[in-house]
Amino acid sequence: MPVIHVGGDLAYTTAAPLRTEIDQILGGGPAGLVLDFAELEFIDSTGLSVIVHAWREGQRAGIALRLHAVPRFLATILDMTGVTGLLARTATESDDLTESDRPAATA
C-alpha cells in the first residue's frame, strides 16, 4: 500500500503538489493509500480539502484511504469539521513513530 509522508505546512500555498501526488497514486489503482502525518506542523482549510479530495476520489475508485500518525491538532480539526466520520484512521498521536522511524521526506 503506497504511503505519502506529509510534513511541514499543508496550506493554500503548498497543497497542490500533494493533491497531484494523490491523484497520480490513485490513478494506479492501489488497494489503499496511507497519508502519514507524523511531520505535519500546520494545516488550513485548503489542506483539509486535499484530505477530503483523497477520500472522495478513493471512494469512487474503491480505494481505501488511511491516515497515520495523526497529530492531536489535526484530529481535533477532523472531528470538528465532521471529516472523521468519513475517514478510517490507522493511528493517532499516541502511536507516534520513534525518531528513527520518522520519514525524512515530506510532500
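Please refer to the structure higher up on the page.
Residues numbered from 1 in each chain as written. Predicted model: local features only at pLDDT ≥ 70, side-chain atom pairs only at ≥ 80, totals over all residues. Heavy atoms only, no water.

Student: Just give me the short version of the pattern of salt bridges, but keep the residues and values in it.
Tutor: Going through the model one piece at a time under the given rule, you end up with one salt bridge. A salt bridge links Glu57 to Arg60; the nearest nitrogen and oxygen atoms lie 2.7 Å apart. Of this pair, Glu57 and Arg60 are both found in helix H2 (residues 45–61), three residues apart, which corresponds to roughly one turn of the helix. (Salt bridge = Lys/Arg side-chain N within 4 Å of Asp/Glu carboxyl O. Helix = DSSP H or I, 4+ residues; strand = E, 2+ residues; numbered from the N terminus.)

Student: Give a detailed account of the pairing of strand S3 (residues 64–68), specifying residues and quantitative values.
Tutor: Of the pairings in the sheet, the one linking strand S2 (residues 32–43) to S3 comprises five bridges and is parallel in character. Bridge assignment links Leu33 to a residue of S3, and that residue is Leu65. Following the backbone out of S2, through H2 and into the adjacent parallel S3, one traces a crossover that is right-handed. (Pairing = 2+ DSSP bridges. Right-handed = clockwise from strand over helix to strand, strands pointing away.)

Student: Describe the pairing of S2, with residues and values.
Tutor: A large share of S2 lies buried, amounting to nine of its twelve residues. Each parallel crossover has a hand, and for strand S1 (residues 3–10) linked through helix H1 (residues 15–27) to S2 it is right-handed. (Buried < 20%, exposed > 50% of the residue type's maximum accessible area, 1.4 Å probe, protein only.)

Student: Run through the environment of Gly8, naming residues and quoting values.
Tutor: By secondary structure assignment, the location of Gly8 is in strand S1. Distance from Gly8 to Glu39, taken between C-alpha atoms, is 6.2 Å for residues 31 residues apart in sequence. Setting aside residues up to four positions removed in sequence, Gly8 forms contacts with Glu39, Leu40, Glu41 and Phe42. (Contact = heavy atoms within 4.5 Å.)

Student: Before we move on, could you go through unusual backbone geometry and cite the residues and values that matter?
Tutor: Working note: non-glycine residues mostly have negative phi, and peptide bonds are mostly trans. The phi dihedral of Ala69 is positive, around 55 degrees, even though this residue is not glycine. The residue Ala69 is located in the loop between S3 and helix H3 (72–81) in this model. A relative accessible area of 2% means that Ala69 is categorised as buried.

Everything listed here is a matter of geometry and, on its own, says nothing about what the molecule does.
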